[in-house]
Amino acid sequence: MADVFKDSYDAEGTAGSGAGGADGSGRSYLVGLIGSGIGPSLSPALHEREADRQGLRYVYRLIDIDKLRAGPEAVGELVRAARDLGFDGLNITHPCKQLVIEHLDGLAPQAEALGAVNTVVFEADGRATGHNTDVTGFAASFARGLPDAPMERVVQLGAGGAGAAVAHATLTLGAGHVTVVDALPERATALAAALNRHFGPDRATGATPDRLPELLAAADGIVHATPTGMAAHPGLPFPARLLHSGLWVAEVVYRPLETQLLATARALGCATLDGGGMAVFQAADAFRLFTGREPDSARMLAHIAELAGAVPAPK
């Protein structure tokens, strides 16, 4: 499976080998993204554009398990291959954010609390350390895009790796109560229990999708944290009739920026937040971990608007 990385090499050696950094430091970077259906990801362009503005030699590769015809359990082998081939780090996305943990040497406190990893840094001694920048990414995006949104009763759809992160972020931002809805009841219940351990009793409960009508009727807002709406998974995550103008709607999906959920919600008069801000702020935090350099988040926000702004919602 290591063959997937061979195009990350050139005549000068690996991008992560320290040969020929464009900033004159002699340092260069090789990173990648592991996940399913990630062909439309804007992460390579976001990272490489910011690195270019900073004068860094920086190569970002997509490692799509679908193209490899591999299951999510292959993430361990892919992480080991990346480390052996000189990668500086990896981003991890659906469906590998939780599965990758058992293949790492250590976890940063936030990733350990969440039980999900979206960023792996290969240390100088070869150790692979897992981080989670989704929490800070979503929190920064929400504070920027929906600063005055009521948050007494929040419904979150999705309890996977991204769901764990945004639920933590939502409660950190001051939500009174979060109801986590997932098609797998045990996953919703487990995430709610973890949230209550971290934030205190009765801050979260788990629920199944059949309860969405009653939950959304009484909610201040909904956070959507499933893959539905992505370019590879178009459509609505629940019937449009459940939306009403009293809801705010926050999206995690960012490709396209205008998902069918957001387009439908906006037409009803809902306040909305697209997934672009989270994508940028989590990428900025990952860039900092990979390089030790401070990214320009405002510049990256302009980049994602340019890169994804013209992509329409799927029909």
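Placed above this text is the structure.
Residues numbered from 1 in each chain as written. Predicted model: local features only at pLDDT ≥ 70, side-chain atom pairs only at ≥ 80, totals over all residues. Heavy atoms only, no water.

Colleague: It is not clear to me how the packing of helix α4 (residues 134–145) against helix α9 (residues 276–291) should be interpreted in this structure. Could you clarify?
Modeller: For any two helices packed against each other, one specifies the inter-axial angle together with the distance between the axes. Taken N-terminus to C-terminus, the directions of α4 and α9 make an angle of 135°; their axes are 7 Å apart at the nearest point. When the interaxial angle is binned, α4 and α9 end up oblique. Seen along the crossing, α4 lies across α9 with a hand that is right-handed. Packed against α4, whose contacting residues are D134, T136, G137, F138, A140, S141 and R144, the element α9 presents G277, M278, F281, Q282 and D285 at the interface. Broken down by class, the residue content of the contact of α4 with α9 amounts to four nonpolar, five polar and three charged. (Axes fitted to C-alpha atoms, helices over the stretch in contact; angles between N-to-C directions. Helix = DSSP H or I, 4+ residues; strand = E, 2+ residues; numbered from the N terminus. Parallel < 35°, antiparallel > 145°, perpendicular 65-115°, else oblique. Left-handed = near helix turned anticlockwise from the far one by under 90°. Contact = heavy atoms within 4.5 Å. Nonpolar A, V, L, I, M, F, W, Y, C, P; charged D, E, K, R; others polar.)

Colleague: What's the story with the sheet that holds strand β10 (residues 177–181) in this structure? I'm lost.
Modeller: Sheet strands pair by backbone hydrogen bonding; their relative direction is either parallel or antiparallel. Here we have six strands laid out as an open sheet, ordered β11-β10-β9-β12-β13-β14, and parallel in their pairing. The open sheet has two edge strands, β11 (204–207) and β14 (271–273), and neither has a second partner. The average undirected angle you get between the axes of adjacent strands in this sheet is 20°. Across four bridges, the pairing between strand β9 (residues 153–157) and strand β12 (residues 221–224) is parallel. The residue bridging V154 from the neighbouring strand is G221, located in β12. Across the face of the sheet, helix α5 (residues 161–172) comes into contact with β9, β10 and β12 while running at roughly 170° to β9. Contacting β9, β10 and β11, helix α6 (residues 185–199) crosses the sheet at an angle of about 180° to β11. (Pairing = 2+ DSSP bridges.)

Colleague: What exactly am I supposed to notice about the packing of aromatic side chains here?
Modeller: The description of two aromatic rings rests on the distance between their centres and on the angle between their planes. All chains considered together, the criterion is met by four aromatic pairs. Between the aromatic rings of F142 and W248, the centroid separation amounts to 5.1 Å while the plane-to-plane angle is 75°, which identifies the pairing as edge-to-face. Of this pair, F142 sits in helix α4 while W248 sits in strand β13 (residues 248–251), placing them 106 residues apart in sequence. For the pair shown, F142 and W248 are each scored as buried. Three or more aromatic residues joined by ring pairs make a cluster, and in this case those are Y29, Y58 and F287. (Phe/Tyr/Trp six-rings, centres within 6.5 Å; stacked < 30°, edge-to-face > 60°. Buried < 20%, exposed > 50% of the residue type's maximum accessible area, 1.4 Å probe, protein only.)

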